[in-house]
2 protein chains.
Amino acid sequence: MNFLEERIVKDGVVKEGDVLKVDAFLNHQMDIDLFNEMGKEWKRRFTGKNINKILTVEASGIGIACIVAQHFNCPVVFAKKSKSINIDGEMYVADVESFTHKTKNQVIVSKKFLTEDDHVLLIDDFLANGCALQGLIQIVHAAGGTVEGIGIAVEKGFQTGGRIIRNLGYQLESLAIVESMNAETGEIVFRQQNA
Amino acid sequence: MNFLEERIVKDGVVKEGDVLKVDAFLNHQMDIDLFNEMGKEWKRRFTGKNINKILTVEASGIGIACIVAQHFNCPVVFAKKSKSINIDGEMYVADVESFTHKTKNQVIVSKKFLTEDDHVLLIDDFLANGCALQGLIQIVHAAGGTVEGIGIAVEKGFQTGGRIIRNLGYQLESLAIVESMNAETGEIVFRQQNA
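Worth saying up front: this structure is predicted, and the values here are computed from it rather than measured.

Taken together, the contact pairs 29 residues of chain A with 29 residues of chain B. Connecting chain A to chain B are two salt bridges. For the salt bridge of Lys112(A) with Asp23(B), the shortest nitrogen-to-oxygen distance reads 3.4 Å. Here the element with the most residues in the side of chain A that touches chain B is helix H3 (residues 61-72) of chain A; it accounts for six residues.

Set out below in structure tokens:
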């Protein structure tokens, strides 16, 4: 197990309905030292990639993205989520459907902050069915930029998001991929990854 | 002018209705080096304070809080905003009214992540009428913790939030306090602060 898998086993909680609570260190309370470890690991996995911007989506991706940005020496842009449709043409907009909440949202980025010169690393805390991520990819393409890679903290490997993204040819680096969880025993099985 | 005031003059945009857009570096695109400067300055201003947790509120406070936390060697907790009232008793909840959007929201923190042992630094990007901040203070008190200080990037000095918070006796350190703005000329006047 790597450092993140170990932390998930130690402080994560498995709930009914394939819910994995990691709010003690990842997406409510946030362990900044852990985020720096994640940044170091993604920097290693994306060696040779020419990344000049990190794009994430509010809210729980922002903290990870900011700490990770220090390892790539680049600014962060976070996409905003909104139900509103009152957009003034200065924004890139993608429609996404939340797996957790079963709601439709828009993911929005100002055109000022993404251009054809941008080589983008996408960062988020969770990947399940991947709709939010697909929205971010759509926005980078709309701007004429390049998706250099995708860094996810925890991927639910038993859902379709990761497979779709890899099928599309993107370098997706999930630091922990959960293959299965058992809410009764609390057991978590991770996918074996090559170090 | 300090480093943040200089940056606001350089990259901020004054809009009608006392709106100051700082989305190029603070709350949409985020300049991580700038956030580290802010962390250094707050560390200096809160010298001698025994801070073991930073509390902020989603979404635009999170990035600043995470970078600043590196200067205090502590974890960050971000309060969630929600319109929902379906709370299960495991949460601290405060009602807040947004100045910008004229909506009522709840600010929510899990009881697991704030206790009477916590000496808390509150961090946010903007302070206007201060309702969100009052909600965070309410939550720290509900947990039995101590508010050691409040760090704000940009305070609108012509609104009431800052005065209320200082009247209550809190050490509020706003790195830039805007006294007045002129949307026609773009001029921004800052309150003189002792270095």
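All names here are of chain B. Burial within strand S8 (residues 119-127) is extensive, with seven of its nine residues counted as buried. Bridge analysis of strand S4 (residues 53-57) against S8 gives three bridges, and the strand direction is parallel. Residue pairing across strands places Leu-55 opposite Leu-122, the latter belonging to S8. When S8 meets strand S9 (residues 146-156), the two strands line up parallel, connected through eight bridges.

On to the nonpolar core, then. With 76 residues, the main nonpolar core has Ile8(A), Ile54(A), Ile8(B), Leu26(B) and Ile54(B) as its most contacted residues. Residues contacting Ile8(A), with those up to four places away along its chain left out, are Leu20(A), Val22(A), Phe25(A), Val154(A), Ala176(A), Ile188(A) and Phe190(A).

On to the relation of the copies chain A and chain B. One chain copy maps onto the other through a rotation about an axis and a shift parallel to that axis. Superposition of chain A onto chain B requires a rotation of 180 degrees combined with a translation of 0.0 Å along the rotation axis, giving an RMSD of 0.0 Å. Between the two chains, the operation in question is that of a two-fold axis. When the interface residues of chain A are mapped onto chain B, 100% of them are again interface residues, pointing to one common binding face.

On to helix H2 (residues 32-45) of chain A. All names here are of chain A. Helix length check: H2 (14 residues) gives 20 Å between terminal C-alpha atoms against 20 Å at 1.5 Å per residue, within 8%. For H2, the set of buried residues is Ile-32, Leu-34, Phe-35, Asn-36, Met-38, Gly-39, Glu-41, Trp-42 and Arg-45. With a side-chain oxygen positioned 3.0 Å from the backbone nitrogen of Asp-33, the residue opening H2 is Asp-31.

So, about the pattern of salt bridges. Applying the stated criterion to the full structure yields 24 salt bridges over all chains. Among the salt bridges present, the one from Asp11(B) reaches Lys10(B), with a minimum N-O distance of 3.3 Å. Here the salt bridges share partners, and the residues they tie into one network are Arg7(A), Lys10(A), Asp11(A) and Asp31(A).

Another aspect to go through is the side chain of Ser60(B). Within the fold, Ser60(B) resides in the loop between S4 and helix H3 (61-72). Among the polar contacts listed, one links the side chain of Ser60(B) to the side chain of Asp125(B), at a separation of 2.9 Å. What Ser60(B) contacts, discounting residues up to four positions off in sequence, is Phe78(A), Asn27(B) and Asp125(B).

So, about the state of the cysteines. All names here are of chain A. Applying the stated criterion across every chain, the model contains zero disulfides over all chains. Residue Cys-74 stays outside any disulfide, its sulfur separated by 10 Å from that of Cys-66, the closest cysteine. Owing to a relative accessible area of 7%, Cys-74 belongs among the buried residues under this scheme.

Residues and elements named next belong to chain A. If you check H3, its first and last C-alpha atoms are 16 Å apart, about what twelve residues at 1.5 Å a residue would give, namely 16 Å. Buried residues dominate H3, accounting for ten of its twelve residues. Along H3, the residues classified as buried are Gly-61, Ile-62, Gly-63, Ile-64, Ala-65, Cys-66, Ile-67, Val-68, Ala-69 and Phe-72. Taken from the residues just after H3, Asn-73 is the one with a positive phi, measuring 50 degrees.

Now for the pairing of S9(B). Residues and elements named next belong to chain B. Of all the eleven residues making up S9, ten are buried; the element is thus mostly covered by neighbouring parts of the structure. On the question of chirality, the crossover connecting S8 to the parallel S9 by way of helix H4 (residues 131-142) is right-handed. Relative to strand S10 (residues 172-181), S9 runs parallel, the two sharing six bridges. In the sheet register, Gly-151 faces S10, and the bridge partner there is Glu-173.

About the thresholds
- Residues numbered from 1 in each chain as written.
- Chains lettered and ligands numbered in written order.
- Predicted model: local features only at pLDDT ≥ 70, side-chain atom pairs only at ≥ 80, totals over all residues.
- Heavy atoms only, no water.
- Contact = heavy atoms within 4.5 Å.
- Salt bridge = Lys/Arg side-chain N within 4 Å of Asp/Glu carboxyl O.
- Helix = DSSP H or I, 4+ residues; strand = E, 2+ residues; numbered from the N terminus.
- Buried < 20%, exposed > 50% of the residue type's maximum accessible area, 1.4 Å probe, protein only.
- Pairing = 2+ DSSP bridges.
- Core = buried A, V, L, I, M, F, W, Y, C linked by side-chain atoms within 4.5 Å.
- Least-squares fit on C-alpha atoms with pLDDT ≥ 70 in both.
- Expected span 1.5 Å × (residues − 1).
- Polar contact = N/O pair within 3.5 Å; in protein donor to acceptor, adjacent residues only side chain to side chain.
- Disulfide = S-S within 2.5 Å.
- Right-handed = clockwise from strand over helix to strand, strands pointing away.

Read these as spatial facts, not as claims about activity.
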